[in-house]
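Okay, here's what each chain looks like letter by letter:
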Amino acid sequence: MWSAPRLREPVRVPALVDGAVLLRFRFVVCAAIRETVAMDDGVVRIGILGCGNVGGALVRLIDDNADLISRRSGLRLVVTKVAVRDLSRDRNLTFAPGVLTNDVASVVQSDEVDLVVELIGGIEPARSLILDALKLAKPVVTGNKELLANGGAEIYEAAAIAGVDVLFEASVAGGIPLMRPLRESLAGERILRVMGIVNGTTNFILTQMTEHGSSFADALAEAQNLGFAERDPTADVEGYDAAAKAAIIASVAFGARVVAGDVYREGISGVSASDIAAARELGYVIKLLAVAEERDGAVTVRVHPTMVPNAHPLAAVRGSFNAVFIEGESVGDLMLYGRGAGGDPTAIAVLGDVIDAATNLHRGSRGATLGTLVHKPIRPIDEVQSQFYLTVDVEDRPGVLAAIASAFGTHGVSIQSMHQQGEGDEAHLIFVTHLAPEAALAATIHEVRELDTVKRIGSVLRVIGSGT
Ligand SMILES: NC(=O)c1ccc[n+]([C@@H]2O[C@H](COP(=O)([O-])OP(=O)(O)OC[C@H]3O[C@@H](n4cnc5c(N)ncnc54)[C@H](OP(=O)(O)O)[C@@H]3O)[C@@H](O)[C@H]2O)c1
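Rules and cut-offs
- Residues numbered from 1 in each chain as written.
- Predicted model: local features only at pLDDT ≥ 70, side-chain atom pairs only at ≥ 80, totals over all residues.
- Buried ≥ 20, exposed ≤ 12 C-beta atoms within 10 Å, placed from the backbone.
- Helix = DSSP H or I, 4+ residues; strand = E, 2+ residues; numbered from the N terminus.
- Pairing = 2+ DSSP bridges.
- Near = placed C-beta within 6 Å.
- Domains from an automatic or database assignment.
- Contact = placed C-beta atoms within 7 Å.
- Nonpolar A, V, L, I, M, F, W, Y, C, P; charged D, E, K, R; others polar.
- Core = buried A, V, L, I, M, F, W, Y, C linked by C-beta atoms within 7 Å.
- Axes fitted to C-alpha atoms, helices over the stretch in contact; angles between N-to-C directions.

### Overview of the pairing of strand β13 (residues 385-394)
Okay, so step 1: When you tally the buried positions in β13, you get eight out of ten residues, the bulk of the element.
Okay, so step 2: Summarising the sheet, β13 and strand β16 (residues 436-437) pair through two bridges and their orientation is antiparallel. Directly across from Q385, in β16, lies its bridge partner P437.

Next up, the structure:
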């Protein structure tokens, strides 16, 4: 028979528990935690896994803002353990003896750690460490988008079983409060769509191209020189980073099991200076958007370069800034804007979660949960409706336009506007369509490409406009 743990004994969750045992277990664990922490007079002991850009900034902030945190929360956060890979690395931080270790598992297991912060990144060992902490009924705070976008459901379920918080504000859009507004402020709202600029590197590159006429290659090189882009920029410029964030956004906004592999993804490496110029002429800017929407019970999640009308609030988001635009059935439109990355902004998001989880731990409660993530159908990209911008290089002779218009008509894609740029060998046509399914646009492009007056299909970009 399982009995209540004595105070200060680590609390272990049985690997397999049935419903009744689980319920009883949760009460016992919470009671044990309440007594344990109350003994410490408002002290909550933090174990931090990883002390890099974000972990290092977090250690500093907990120290620098200790009085402010204590005044606001009534708690004293004490960093008792910090795990790193390389003990010899200079971190410009001073630790008391015994705090810094390269034995990462020992931090999770330590009797001197009430709450675990995971800032290592990647899937393993982060996943196992988080699950181990939750099994010990220790709340977890993480900024790990890669892990949550691939195995979030497992983590959220383990937290629900343990009856403790798992909070991850920093995993999407760094310093911008987004997870908490979605989980708490909008807990009663039916969210229709979330559109975000959630990758600062690509927004910086597109801003340079828009405002300075830079080529993609030059703008990328500048981003790398300024430290906004990695030496290998693939994860950013090809949209993988934004896709991971989009999966997390969709999971939280729609309570659905969405993983990174469900996200349709296109990056910005194919966006040319002439696309940017054409967008400008038409009254748009090009942004890499992560879009998550729920319609008729199905979820769509996609990341792609998008033409955003100049009047839309997302068009004004410049440089490395991020912003997320939320459309709710009752609340209408909301926008959250700020720094999506960087040690200090991200650490502030982590610290907010730490204070929240510590407060709940101290009270023996837990915060708003994600509930059970359900399986909702993911709408294939072919069925998603968008407006499109496309350019077609053509022979400059009579009848060209009629043949192209006929191909559009055959597939039910109606044209909102058409412009001709250049003449002779330089002639190309720019079309913006009304809303059409991706599959219909693909069939149209296939037919247009076959016309003997068409030399080349240039760029194809989705457009957001009013009502799309
Ligand atoms: N940086 C940002 O702007 C940002 C924004 C949003 C979210 N995040 C997320 O926050 C997390 C941390 O990012 P970061 O930029 O701080 O990463 P980072 O600078 O690379 O730091 C990672 C830390 O983890 C430690 N580490 C790695 N593997 C380890 C292991 N096996 N055992 C023990 N320690 C290990 C490293 O130790 P050493 O120092 O000894 O190498 C380092 O201290 C990631 O999940 C990231 O996606 C970051």
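Structure's up, so let's keep going.
### Structural notes on the site of the ligand
Okay, so step 1: Lining the immediate surroundings of the ligand are 24 residues, of which G50, G52, G121, G143 and A341 lie closest.
Okay, so step 2: The leading source of residues in the shell around the ligand is helix α2 (residues 53-64), at three residues.

### Details of the domain arrangement of the protein
Okay, so step 1: Domain boundaries assigned for the protein yield domain 1 (19-175 + 344-363), domain 2 (186-338) and domain 3 (381-463).
Okay, so step 2: Taking the mean C-alpha position of each, domain 1 and domain 2 sit 30 Å from one another.
Okay, so step 3: On the side of domain 2, 14 residues touch domain 1, which itself brings 13 residues to the contact.
Okay, so step 4: Ranked by residues supplied to the side of domain 1 that touches domain 2, first place goes to helix α6 (residues 145-162) with seven residues.
Okay, so step 5: Of the residues belonging to the side of domain 1 that touches domain 2, the class tally is six nonpolar, five polar and two charged.

### Points about the nonpolar core
Okay, so step 1: Core analysis: the largest hydrophobic core is formed by 136 residues, its most contacted members being L58, A246, A247 and A250.
Okay, so step 2: The leading source of residues in this core is helix α11 (residues 240-254), at eleven residues.
Okay, so step 3: Aside from chain neighbours lying at most four places away, what touches A246 is V263, A290, A292, V301 and V303.

### Thoughts on the sheet that holds strand β4 (residues 115-118)
Okay, so step 1: Ordered by their spatial adjacency, six strands build an open sheet running β3-β2-β1-β4-β5-β6, and the pairing between neighbours is parallel. In the strand order of this sheet, the two ends are held by β3 (100-101) and β6 (166-167), each with one partner.
Okay, so step 2: Packing against the sheet, α2 makes contact with β1 (43-49), β2 (76-83) and β4, and its axis sits at approximately 150 degrees to β2.

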